[in-house]
Amino acid sequence: MQRRLRLGMVGGGQGAFIGAVHRIAARIDDQYELVAGALSSDPDRARASGAALHLAPERCYSDYRAMAQMEAARADGIEAVAIVTPNHLHAPVATAFMEAGIHVICDKPLGISLAEGQALAALAERKNLLFALTHTYSGYPLLRHAKAMVEAGDIGELRLVQVEYSQDWLADSIAAGGMNEGNWHNDPQKAGPGGVLLDVGLHAYHLAQFVSGLTPHAVLAELSTFVPNRSLDDHVQVMLRYANGAKGTLWASQVATGCENTVRLRLFGSKAQLDFDQEQPNALWFTPQGGNRQLLRPGRVDSAAARHATRVPAGHPEGYLEAFAQLYLDAALCIRALQAGLPVPKEAGWLPTVTDGVAGLAFAEAVLRSHADGGHWTALADC
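Heads up: these notes are all about the structure in this document. Everything numeric in this text was worked out from a predicted model, so none of it was measured.

Phe97, Phe131 and Phe363 are the most contacted members of the largest nonpolar core, which totals 81 residues. Residue contributions to this core peak at 10 residues, all from helix H8 (residues 197-212). Not counting chain neighbours up to four residues away, the residues in contact with Phe363 comprise Leu197, Leu202, Tyr205, Val219, Val238, Leu240, Leu250 and Leu380.

Pasting the structure below:
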């Protein structure tokens, strides 16, 4: 009988939204058991957070370096770690655990610079470790089906890519001299050189790349900071050029008044259009040229990719948590394969990894350079 993988977590202590999401996602398919954590750098908060999750006191750490070393030395030590810290800690935490021989499941972005990302990719390859990146939306059954449709040529030659990620949670004003107290997303020392760009902007970029299968070779970008007293961008708009002649647009905003979590992708090919809005994740619209708009539903579409990511019968909605869980399931399949010396299973092959993270940072770097140059077309670095 297959046992659960032993999982640790860095960050995500009491009051942290994303840590709870990771823990729920890890439990849904019963592939992991959370056994250790450095849930806070404050010792008291780390102990209290661990106790609330029923962790053994001796496995509640306040220093991630100590956690990596001590867990690696245990016969029952963790096999994978989930990293749910602010951006600036992703690279040093991941490095510490990979050096200890522990697989990594990390929030995006991979790091705060392309150089950091490339170093992590090299280390993961050298250590033969999985480095999964939680680009959540790639776990939706219908987005995996959309990718399969594109690969099968169902929409023809891709011509136009339009992707959007819009929110309004940073639309309110900030007091002079402040940056929204407690919100590290507005602190360049913790968030990195981009605000919305390195947050939801990278989700939008990965989604477009994941489904379309195309990587832009050049971008023309503008970053904006609409709210006074904010240190980082809160809106980004980018034009995209692809090697096959396709064109694209990406915009991401956290000051889009009235928007909750609008993640929308539209692909226009020579034969048909695909349209997905993650606030309605059980609907994928397919419109053939000259034909009627067709609604595709999970549990009804027939592709291996969709079947692998669907857990319930047709008519039972699956959403954000299930999409997140899909990444954890695929990561478990990959880790078990690596432990057994086997190839990565085909059904887990669409899991976002360190390679996707490097591609995202190359995109972000090109966007920042394009903006700094006054909005000129800028080539993406080769990765």
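Next up on the list: the pattern of salt bridges. Scanning the model with the defined rule gives 17 salt bridges in all. We note a salt bridge from Asp275 to Arg264, for which the minimum N-O separation is 2.5 Å. Of the two residues, Asp275 sits in strand E11 (residues 272-277) while Arg264 sits in strand E10 (residues 262-269), which places them 11 residues apart along the sequence. Here Arg264 falls in the partly exposed class, since its relative accessible area comes to 29%. Three or more residues joined by partner-sharing salt bridges are found here, namely Arg59, Glu71, Arg74 and Asp76.

Attention now goes to the side chain of Ser224. Tracing the backbone shows Ser224 in strand E7 (residues 216-224). Setting aside residues no more than four positions away along its own chain, Ser224 makes contact with Asp233, Asp234 and His235.

Within a sheet, adjacent strands bond to each other through the backbone by hydrogen bonds, running parallel or antiparallel. The five strands lie next to each other as E2-E1-E3-E4-E5, forming an open sheet whose pairing is parallel. Looking along the sheet, the strands with just one partner apiece sit at the ends: strand E2 (32-38) and strand E5 (131-133). If you compare each strand with its neighbour and ignore which way they point, the axes differ by 25 degrees on average. Packing of helix H4 (residues 90-99) onto the sheet brings it into contact with strand E1 (5-11), strand E3 (80-84), strand E4 (103-106) and E5, and relative to E3 it is tilted by some 170 degrees.

For any two helices packed against each other, one specifies the inter-axial angle together with the distance between the axes. Helix H11 (residues 354-372) packs onto H8 with a crossing angle of 115 degrees between their chain directions and a minimal axis gap of 10 Å. Along this stretch, H8 crosses H11, giving a crossing that reads as right-handed. On H11, the residues touching Leu197, Leu198, Leu202, Tyr205, His206 and Gln209 of H8 are Asp356, Ala359, Gly360, Leu361, Phe363, Ala364, Val367 and Leu368.

Definitions and cut-offs
- Residues numbered from 1 in each chain as written.
- Predicted model: local features only at pLDDT ≥ 70, side-chain atom pairs only at ≥ 80, totals over all residues.
- Heavy atoms only, no water.
- Core = buried A, V, L, I, M, F, W, Y, C linked by side-chain atoms within 4.5 Å.
- Buried < 20%, exposed > 50% of the residue type's maximum accessible area, 1.4 Å probe, protein only.
- Helix = DSSP H or I, 4+ residues; strand = E, 2+ residues; numbered from the N terminus.
- Contact = heavy atoms within 4.5 Å.
- Salt bridge = Lys/Arg side-chain N within 4 Å of Asp/Glu carboxyl O.
- Pairing = 2+ DSSP bridges.
- Axes fitted to C-alpha atoms, helices over the stretch in contact; angles between N-to-C directions.
- Left-handed = near helix turned anticlockwise from the far one by under 90°.

That's the geometry; what it means functionally is another story.
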